[in-house]
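# Descriptive analysis of the structure
Chain by chain, the residues:
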Amino acid sequence: MNYRQKKVGILGGGQLGRMIYEEVLKWDLDLHFMDKDRSFPVGKVCPLFTEGDFTKYEDVLAFGQDKDIVTIEIESVNLEALLELRKQGVTIHPSPDALKIIKDKGLQKMFYEANEIPSSNFQLYQDVESIKSDIANGNLNYPFVQKARTGGYDGKGVAVIRSEQDLMKLLPSASLVEDMVPIEKEIGLIVARNENGETQVYDPVEMVFDEEANLVDYLFAPASLPNGIEKKAKDIAIELITKLNICGLLAVEYFLDKNGHLLVNEVAPRCHNSGHHSIEACETSQFEQHIRGVMNMPLGNVALTTPAVMVNLLGQPEVSGPVHYEGMKSCLAKGNVHLHFYGKEETKPSRKMGHATITDKDLQKAIEKAKFVKNHLKVTV
Ligand code: ADP
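Let me sum up the structure you'll find in this document.

So, how was this worked out
The numbers attached to residues start from 1 for each chain and follow its sequence in the written order. For this predicted model, a pLDDT threshold of at least 70 governs which residues receive local features, and a threshold of 80 or more governs which side-chain atom pairs are given and counted, while totals over whole chains, interfaces and linings are taken from all residues. Side-chain metrics rest on all non-hydrogen atoms present in the structure, leaving aside hydrogens and water. At least two DSSP bridges between two strands are required for those strands to pair. Only DSSP runs of H or I with at least four residues qualify as helices, and only runs of E with at least two residues qualify as strands; both kinds are numbered from the N terminus onward. Each axis is a line fitted through C-alpha atoms, and for a helix only the stretch in contact is used; angles between axes span 0 to 180 degrees, taken between their N-to-C directions. What qualifies as a polar contact is a pair of N or O atoms within 3.5 Å, subject to a donor-acceptor requirement within protein and to the restriction that residues adjacent in sequence count only when both atoms come from side chains. Working rule for angles: under 35 degrees goes down as roughly parallel, over 145 as roughly antiparallel, 65 to 115 as roughly perpendicular, anything else as oblique. Any pair of residues with heavy atoms lying within 4.5 Å of one another is described as a contacting pair. Residue polarity follows a fixed list, in which Ala, Val, Leu, Ile, Met, Phe, Trp, Tyr, Cys and Pro are nonpolar, Asp, Glu, Lys and Arg are charged, and the others, Gly among them, are polar. Consider each residue's heavy atoms; a residue with any of them within 4 Å of a molecule or strand counts as near. Using a 1.4 Å probe, the Shrake-Rupley method yields the accessible areas, and only the shown protein chains count as cover for residues. Note on exposure labels: buried denotes an accessible area under 20% of the residue type's maximum, exposed denotes more than 50%, and partly exposed covers the range between, all computed with a 1.4 Å probe on protein chains only. In this description, one arc is meant: the one made by directions from the helix axis to the C-beta atoms. Residue count minus one, scaled by 1.5 Å, sets the expected span of a helix.

### Some details on the sheet that holds strand 8 (residues 158-161)
Two strands in a sheet stick together by hydrogen bonds in their backbones, pointing the same way (parallel) or opposite ways (antiparallel). Strand order in the open sheet formed by four strands is 6-9-7-8, and the pairing between neighbours is antiparallel. Looking at which strands have only one partner, the edges of the open sheet turn out to be strand 6 (122-125) and strand 8. The mean inter-strand angle of the sheet, taken between neighbouring strand axes irrespective of direction, is 20°. Bridging between strand 7 (residues 144-148) and strand 8 involves four bridges; their strand directions are antiparallel.

Next comes the structure, spelled out in structure tokens:
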């Protein structure tokens, strides 16, 4: 198989695409990207960049027609164009059928229910009025979590409703309402699969959230989990990627509740924040693995080679404008601090501008260094 003769198109030109590009540059593949503007993270490094809107039918169709394989680094792509491309003989990974389910959190929950995948109880709603009337007639009780069925990301599109006072936070779109889970820990992992049906599962990582920005603050690898939970999480991930018939990556986020139950929160069929540490801390990075999966290469070994902590470098609150990074010298001087800046030109409050992975055979030491990085590396103007 001559992989270098295959023309691969990737929809999306953000940081995930840029890290895919960086990680597989060594193979000199024929990788092409599309996103709105060449000033985006990928456009600044990859010459094979097409300016176009991945949400538009015509743009996706035109971009995909001369490719052998089309994949994504973001879910919000035009599905109809992918279906048409598949009809025309282009290989699409992840499959448009899986993407359709995953893009809609309501369909995702129905898929879990139909396949007996553990997840919190839920109900679907068309509008705010029907949620309010279910509360009034006793069919729905506080507290609950409401999620927009489509379009949400990084906690946008999620409303936590604890009492009547919170009802003004209800989202006006078609939504699902689910039980509020008493969360002990949030964990995530990446699973990979190729067309031959081979699978590889990374070890789970533990996610600690910034309450205000609702973004992952720190991510610890490996996660510290009660007996049996790691195996359960890995088994569920393999079942999910197989039943969804996905090639490439599936990122799975779980809640471990206070009663020791493991519940799937949501999935994403692409490279993910919860796998960033894999660049320095695993035998094969998630970015390389995604390309291996979509090109039907043998999958890489996923063993964790060192404990690691990943910290997102977010735009400072209330600061917008051309980005400037402060504190790089003192962070690099700590040793084993791997900084990644995504090449976004403008910083905005809580925008993901980069990340740092800190490796250390003693996880506690890595955590201390990560706190130093979080306090000293300033994303500002
Ligand atoms: P997004 O797709 O925007 O990341 P999530 O579904 O992951 O949205 O929700 C964001 C965060 O909100 C979760 O990481 C978790 O902290 C909290 N959350 C979501 N669903 C629930 C739930 N059912 N119970 C308790 N907390 C939840």
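Moving on from the model shown.
### Comments concerning the side chain of N273
By secondary structure assignment, the location of N273 is in the loop between strand 15 (262-268) and helix 8 (278-281). At 3.0 Å, the side chain of N273 and the side chain of N312 are in polar contact.

### Thoughts on the packing of helix 1 (residues 15-24) against helix 9 (residues 286-294)
Angle between the axes and distance between the axes are the two parameters that describe a pair of packed helices. Where helix 1 meets helix 9, the axes come as close as 8 Å, and the angle between the chain directions of the two elements is 80°. The angle between helix 1 and helix 9 places the two elements in the roughly perpendicular class. Here helix 1 contributes L16, M19, I20, E23 and V24 to the contact with helix 9, which in turn contributes F287, E288, H290 and I291. By residue class, the composition of the contact of helix 1 with helix 9 is six nonpolar, one polar and two charged.

### Structural notes on the site of the ligand
Taken together, the neighbourhood of the ligand is formed by 19 residues, with K147, G155, E178, E186 and E266 sitting nearest. At a separation of 2.8 Å, an oxygen atom of the ligand approaches a polar side-chain atom of K147. Between the ligand and the protein, one listed contact pairs a nitrogen atom with a backbone N or O atom of D179 at 3.0 Å. Contact with the protein chains hides 89% of the accessible area of the ligand, taken as 550 Å² for the molecule alone. The set of elements that each furnish at least two residues to the shell around the ligand consists of strand 7, strand 9 (175-179), strand 10 (183-193) and strand 15. Class assignment of the residues belonging to the shell around the ligand gives a composition of eight nonpolar, three polar and eight charged.

### Section: the environment of A268
Its location among the elements puts A268 in strand 15. Looking at A268, the relative accessible area reads 4%, which means it is buried. Linking A268 and E75, residues 193 residues apart in sequence, is a C-alpha distance of 7.7 Å. Residue contacts for A268: discarding those within four places in its chain leaves E75, I102, L249, L250 and A251.

### Considerations on helix 4 (residues 96-103)
Where helix 4 is concerned, the buried positions are P96, A98, L99 and I102. One face of helix 4 carries all of its buried residues, which in axial projection span an arc of 155°. Packing partners of the buried residues in helix 4 comprise strand 4 (69-72), helix 3 (79-87), strand 5 (91-92), helix 5 (105-114), strand 14 (248-257) and strand 15.

### Some details on helix 7 (residues 229-243)
Its 15 residues give helix 7 an end-to-end C-alpha distance of 21 Å, which sits within 8% of 21 Å, the value for a rise of 1.5 Å per residue. Residues of helix 7 that are buried in the fold lie against helix 5, strand 10, strand 11 (199-201), strand 14 and strand 15. Backbone geometry just downstream of helix 7 places N245 in the positive-phi region, at approximately 55°.

### Side note on unusual backbone geometry
Of note, the amide linkage connecting H93 to P94 takes the cis form, showing an omega dihedral of 0°. Mapping P94 onto the fold places it in the loop between strand 5 and helix 4. A cis amide bond, omega -10°, links Y142 with the succeeding residue P143. In this structure, N296 is a non-glycine residue whose phi angle is positive, near 55°. Non-glycine residue N336 carries a positive phi angle of around 55°. Positionally, N336 belongs in the loop between helix 10 (328-332) and strand 19 (337-341). Given the relative accessible area of 41%, N336 is considered partly exposed.

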